[in-house]
Structures are given as structure tokens and as C-alpha cells.
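Breakdown of the fold
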Amino acid sequence: MKKVLITGGAGFVGSHLAERHLQMGDQVFVIDDLSTGSIENILPLKRFETFNYVIDTVTNEAQTAELLDLCDVVYHLAAAVGVKLIVESPVRTIETNIRGTEVVLDLAAKKGKRVLIASTSEVYGKREGVPFRETDDLILGATSKARWAYACSKAIDEFLALAYWKERKVPTVVVRLFNTVGPRQTGRYGMVIPSFVQQALKGQDITVYGDGSQRRCFAHVADVVEALIALAAHPDAVGQVFNVGSQEEVSIMQLAERIKAKTESKSRIVTMPYDEAYQEGFEDMLRRVPDTTKARELVGFRAKATLDEILDSVIEFERARGTKRPSVQAHGLRSTDRRPSPV
Ligand code: UDP
């Protein structure tokens, strides 16, 4: 039985990762401040006896140290995510992302633990040639544009992880997650698929930002979680960076049309200028496709779920969520809830 710590374990990816480890019979510890994660994501995990969680921030060093002592491996997923949140709260983004990672790596160095750092495809910035390879240059925009603070803060996290491996022999693995979707993802921070599905189910306008010609590849969270587990465990992954994502491309306009058709929605599809959707001068990426050769060759990673399957699973989840919302009070929290969920 492995003992794993997942920072940000009440988030979308973190809660799926926790669930998978619990299903594998492992002991799981989660620390999450519920700033973007949600207690609803972890309530179903309480049925496992080997599940433990603490509502706190990773920057509370004493708490994080205590948890790290109990575990063999740390998945550091606690971060500010979601383009909307990042553009609106740049201070929180930079501080959360950099300070949190410093704390985790420093403690891992003192205690000799293995760390997987979740990074993001945002670090590639405005690169144009796809697919993106791990060794490619990063092309970031001006510091006056808040979006790039996210890319930059995660790039610093990567530098830190690689430096801790080189200088202090902390076994670290960096994984750049491309667009990841699936049940439990919230649309609250701007993620496109839950946003479109919720709009379609409510009969509201489906808001395509820009002209909708920008393209993305969406991977199912279950495939991503398999990759995280395999990479965290593989001895040859240490000190390296891996892309993880799907290569099935779709334009955002096509995505809106597919969701509208699948949900048989009467919603209109409308376009909204980026300036209005985010803020003046916002820069988006036109295309984003990962080269996943490295993860495939090392751990056999493949994004198995098709976009159709992904959309079906999100639509099913959102339909069920619309009819049944678990109540936090009804379940009773057993840890110190320092910060309320920002619902
Ligand atoms: N997007 C959109 N409408 C929305 C939310 C997002 O058109 O309600 C667009 C967004 O501008 C981007 C793409 O969908 O081009 C993917 O956005 P998301 O925030 O999910 O991920 P990103 O790839 O930007 O990190």
C-alpha cells in the first residue's frame, strides 16, 4: 500500500487522482484550502477508510510537514488555475503558485520524499508550431498582460523542481497538463467545456470567445490521472518534464456546435470579443497540441477517451448535478475549515 499526499486534492484533477489511488488500495492524504477546489469533490471519497483530508493551505508549513511525514510521494497540484481567475487575481496566482511549490519542495528535500509537480501547457505561451515538445522554447507575452503571470509562475515552479533534483537530489517529476476535462470540473473559473455544457442545458447563450477558430485538444481526466500515477512511480521520470494531453484537435466553434447538438439545446451560439470576456488586450493561443511521445515511450501513455466520450460524460454529470446537489452541512466536516468554499 502506497501512502500519497495530494495538495489541491479537492480540485478537479486532484480529486480524481485521490479516488484512483483509493481504488488501488492506497492511503491518501489531501490538503486543500478550498479556494478553487470544492468539498463536494471529496465527500464521495470519505467512504474509503484510507482517505484523510485537511482543509488548509500548503503554505502552512507545519501542517504540510506533518502530512509529508506520513507519505512516500507528493503530488503537488495546489495552484491557482483557470484563465478567468488568473486574469482577475494575478497577485493570488503568483503567490499561490510560487510559494506553495517552494514549501513543498523544501519540505520534500528535508524529508527525502518524491514529488510530482503539476505544470501546464500555458508555459508554452504563444508558440505557433504544433505539436509542442518538452524541449521547445517558451514564448511568453508582456508582463502587462496578466495571463502570462500564470505561465511564468508555473515555469518558475518547473525551474524549482528541476533545480531541487539537480542540487539537492530531491526526486522530482514535472508534468505539463494540457486541457483536461471530465466530470466535476467547474465552469466557474472559465473552463470552456463545463461552461458550454451548463449554458446549453440551461438554454442560455453559448458564449464563444473571439471568433471560435482557436483550437484545443481535450483529454479525459481519467487518462490524465493514469499518466500522473505512472510518471510519479517511474524511476526514469525523475528530473524530467513530460507533456500529458490529447491530440484530438477541435475548434472552439465546433465544440460549441457539438455540445449544442448533443444536448439538443435551443441555446444560441454567440461570439464575444476577448476584451469583453477577459480584459482589454487579452491574448489567446490559436492552437495548442501536445507532443506526447516522451510519456508514451516511458510509461505507455495514451489519451484513450475520444472527445465524443468526454462530452457525453460531462453532459451526463452536469445533468445529474442539475437535479441533485449534495449538501455540505448534511455530511459534516471533520477537519478545521479555515476558509469557506467560494461558491
Ligand atoms: N472559451 C470560450 N468560452 C468560454 C470559455 C472559454 O470561448 O466560456 C475559449 C477560451 O477563450 C479558449 C478556449 O475556449 O480559447 C479554452 O479555454 P479554457 O479556459 O477552457 O482553457 P485554455 O486553453 O484557455 O487554458
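Read on for a plain summary of the structure. Here the structure is a predicted model, which means the values were calculated and not measured.

Concerning the sheet that holds strand β6 (residues 172-177)
Here we have seven strands laid out as an open sheet, ordered β3-β2-β1-β4-β5-β6-β11, and parallel in their pairing. The sheet is open, and its two edges are formed by β3 (51-55) and β11 (240-244), each paired on a single side. Put simply, the sheet's adjacent strands are angled 20° from each other on average, direction ignored. Judged from the four bridges that link them, strand β4 (residues 73-76) and strand β5 (residues 114-120) form a sheet pairing that is parallel. Bridge assignment links V73 to a residue of β5, and that residue is R114. Its contacts with the sheet place helix α3 (residues 61-69) against β1 (3-7), β2 (27-32), β3 and β4, and it is angled at close to 170° to β2.

Side note on the nonpolar core
In terms of nonpolar packing, the biggest core is built from 42 residues, with F51, Y75 and L228 touching the most fellow members. Tallying contributions element by element places helix α8 (residues 221-233) first for this core, with eight residues. Counting residues in each nonpolar core, the second largest holds 24 residues, with V54, V58, V170 and V241 among its members.

Notes on the side chain of E318
Secondary-structure assignment places E318 in helix α12 (residues 307-323). With near-sequence residues (within four places) excluded, E318 lies in contact with Q185, P194, V197, Q198 and L201.

Focus: helix α6 (residues 147-168)
Owing to its 3.6 residues per turn, the α-helix aligns residues three or four sequence positions apart on the same side. The end-to-end C-alpha separation of α6 is 32 Å, in line with the 32 Å expected for 22 residues at 1.5 Å each. Downstream of α6 by one or two residues, K169 has phi in the positive range, about 60°.

Considering unusual backbone geometry
The peptide bond linking V130 to P131 adopts the cis configuration, its omega dihedral lying at -5°. On the secondary structure map, P131 appears in the loop between β5 and α6. Unlike most non-glycine residues, L34 shows phi in positive territory, near 60°. Take L34: it is sitting in the loop between β2 and α2 (39-42). L34 gets classed as buried once you look at its relative accessible area, which sits at 1%.

Focus: the packing of helix α1 (residues 12-23) against α8
Where α1 meets α8, the closest approach of the two axes is 9 Å, and the angle between their N-to-C directions is 65°. When the axes of α1 and α8 are compared, the pair comes out roughly perpendicular. Crossing handedness for the pair α1 and α8: right-handed. Contacts from F12, V13, H16, L17, R20 and H21 in α1 reach V221, V225, E226, L228 and I229 in α8. Here the residues of the contact of α1 with α8 are counted per class, giving seven nonpolar, two polar and two charged.

Some points on the packing of aromatic side chains
Counted by the stated rule, this structure contains eight aromatic pairs. Ring centres of Y209 and Y278 lie 5.2 Å apart, and the angle between their planes is 80°; on these two criteria the pair is classed as edge-to-face. Of this pair, Y209 sits in strand β8 (residues 206-209) while Y278 sits in the loop between α10 (274-277) and α11 (293-299), and the two are 69 residues apart along the sequence. For the pair Y278 and F282, a centre-to-centre distance of 3.9 Å together with 20° between the ring planes defines the contact as stacked.

Examining the environment of I310
Among the secondary structure elements, I310 is positioned in helix α12. Taking the C-alpha atoms as reference, I310 lies 20 Å from I229; in sequence the two are 81 residues apart. Aside from chain neighbours lying at most four places away, what touches I310 is V181, F218, A219, H220 and A305.

Quick look at the site of the ligand
Close to the ligand lie 19 residues, the nearest being V192, T207, Y209, R216 and D284. T207 is positioned such that a nitrogen or oxygen atom in its backbone is 2.8 Å from a nitrogen atom of the ligand. The contact in question runs from an oxygen atom of the ligand to an N or O atom on the backbone of Y209, over 2.7 Å. When the ligand sits alone it has 510 Å² of accessible area, and the protein chains cover 94% of it. For the shell around the ligand, the secondary-structure elements that each account for two or more residues are α7 (192-202) and β8. Along the lines of polarity and charge, the residues of the shell around the ligand split into nine nonpolar, five polar and five charged.

Definitions and cut-offs
Residues numbered from 1 in each chain as written. Predicted model: local features only at pLDDT ≥ 70, side-chain atom pairs only at ≥ 80, totals over all residues. Heavy atoms only, no water. Pairing = 2+ DSSP bridges. Helix = DSSP H or I, 4+ residues; strand = E, 2+ residues; numbered from the N terminus. Axes fitted to C-alpha atoms, helices over the stretch in contact; angles between N-to-C directions. Contact = heavy atoms within 4.5 Å. Core = buried A, V, L, I, M, F, W, Y, C linked by side-chain atoms within 4.5 Å. Buried < 20%, exposed > 50% of the residue type's maximum accessible area, 1.4 Å probe, protein only. Expected span 1.5 Å × (residues − 1). Parallel < 35°, antiparallel > 145°, perpendicular 65-115°, else oblique. Left-handed = near helix turned anticlockwise from the far one by under 90°. Nonpolar A, V, L, I, M, F, W, Y, C, P; charged D, E, K, R; others polar. Phe/Tyr/Trp six-rings, centres within 6.5 Å; stacked < 30°, edge-to-face > 60°. Near = heavy atom within 4 Å. Polar contact = N/O pair within 3.5 Å; in protein donor to acceptor, adjacent residues only side chain to side chain. Areas by Shrake-Rupley, 256 points an atom, 1.4 Å probe, with all protein chains shown as cover.

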